Amino acid sequence: MKLSKNLELSEAIRSETAKRIGINNMPTDEHIENLKVLAKNVFQPIRDHFKKPIRVSSGYRSKELNTALKGASKTSQHMTGEAIDIDNDGTSVSNLEIFQFIKDNLEFDTLIWEYGTDESPDWVHVSYRNGRPQRNRILRATKEGFVKYD
């Protein structure tokens, strides 16, 4: 099933952890609708802008999968299909370029520079709320927790 022109549902629900421990990570119809809205408003504009494949490293997470991922937020928007993590390391489009494009060009709920260095995040977390106003909140994840991104 296509969520957008360049994003398949299978990409948005793929999880090695779920496979390894036998967790069903299939979203509900409501969560699939949220994923479609996220794909339309965030993923596809990124893909269209760079005209290159964009790698989703984590998308939808069932509650059971989210619990199995130690350290994952108990209120993660991944559980509602409203968040994706993008990790484009090793490609011609960097995580930094993706982060800056989202920050400067898209509406979003929360954008997180996930760990990494001052030059580039290890991955980019971005969420988009379906049917609710976007907060355009930008954070940076550190070992100590989250701080407001400057």
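Residues numbered from 1 in each chain as written. Predicted model: local features only at pLDDT ≥ 70, side-chain atom pairs only at ≥ 80, totals over all residues. Heavy atoms only, no water.

(A) Expanded view of the overall build of the protein. A count of helices and strands for the protein gives five helices and eight strands. Secondary structure elements in the protein, listed N-terminal to C-terminal, are β-β-α-α-α-β-α-β-α-β-β-β-β. Radius of gyration (C-alpha) of the protein: 14 Å, near the 15 Å computed for a compact globule of 150 residues. Over its C-alpha atoms, taken along the principal directions, the protein stretches across nearly 40 × 35 × 35 Å. By the burial criterion, 47% of the 150 residues in the protein qualify as buried. Across the protein, every contact between residues at least 6 apart in sequence was considered, and the portion connecting residues at least 24 apart equals 64%. Of the accessible surface of the protein, which amounts to about 8300 Å², a share of 49% is contributed by carbon and sulfur atoms. Averaging the locations of the 23 positively and 22 negatively charged side chains of the protein gives two centres separated by 2 Å. (Helix = DSSP H or I, 4+ residues; strand = E, 2+ residues; numbered from the N terminus. Rg over C-alpha atoms; globule rule 2.2 N^0.38 Å. Buried < 20%, exposed > 50% of the residue type's maximum accessible area, 1.4 Å probe, protein only. Contact = heavy atoms within 4.5 Å. Areas by Shrake-Rupley, 256 points an atom, 1.4 Å probe, with all protein chains shown as cover. Lys, Arg positive; Asp, Glu negative; His and termini not counted. Charge placed at Lys NZ, Arg CZ, Asp CG, Glu CD.)

(B) Structural context of the packing of aromatic side chains. As enumerated under the stated definition, the model contains three aromatic pairs in all. Pairing Phe99 with Trp113 gives two aromatic rings, centres 5.2 Å apart and planes at 80°, and the pair type is edge-to-face. With Phe99 in helix α5 (residues 95-105) and Trp113 in strand β5 (residues 110-114), this pair connects stretches of sequence that are 14 residues apart. Measuring from ring centre to ring centre gives 5.7 Å for Tyr115 and Trp123, while their planes differ by 50°; the resulting arrangement is tilted. Of the residues examined, Tyr115 reaches a relative accessible area of 34% and is grouped as partly exposed. (Phe/Tyr/Trp six-rings, centres within 6.5 Å; stacked < 30°, edge-to-face > 60°.)

(C) Focus on the packing of helix α3 (residues 29-50) against α5. Look at α3 against α5: their axes get within 11 Å of each other, and the N-to-C directions meet at 115°. Read as a crossing pair, α3 and α5 show a hand that is right-handed. Between α3 and α5, the contacting residues are Pro45, Ile46, His49 and Phe50 on the first element and Glu97, Ile98, Phe101 and Ile102 on the second. Residue classes in the contact of α3 with α5 are distributed as six nonpolar, one polar and one charged. (Axes fitted to C-alpha atoms, helices over the stretch in contact; angles between N-to-C directions. Left-handed = near helix turned anticlockwise from the far one by under 90°. Nonpolar A, V, L, I, M, F, W, Y, C, P; charged D, E, K, R; others polar.)

(D) Expanded view of the pairing of strand β6 (residues 123-127). Burial analysis of β6 places four of its five residues in the buried class, the great majority of the element. Inspection of the sheet shows strand β4 (residues 83-86) paired to β6 by four bridges, in the antiparallel sense. Across the sheet, residue Asp85 finds its bridge partner in β6, namely His125. In this structure, β5 lies alongside β6, joined through five bridges in antiparallel fashion. The residue bridging Ile112 from the neighbouring strand is His125, located in β6. (Pairing = 2+ DSSP bridges.)

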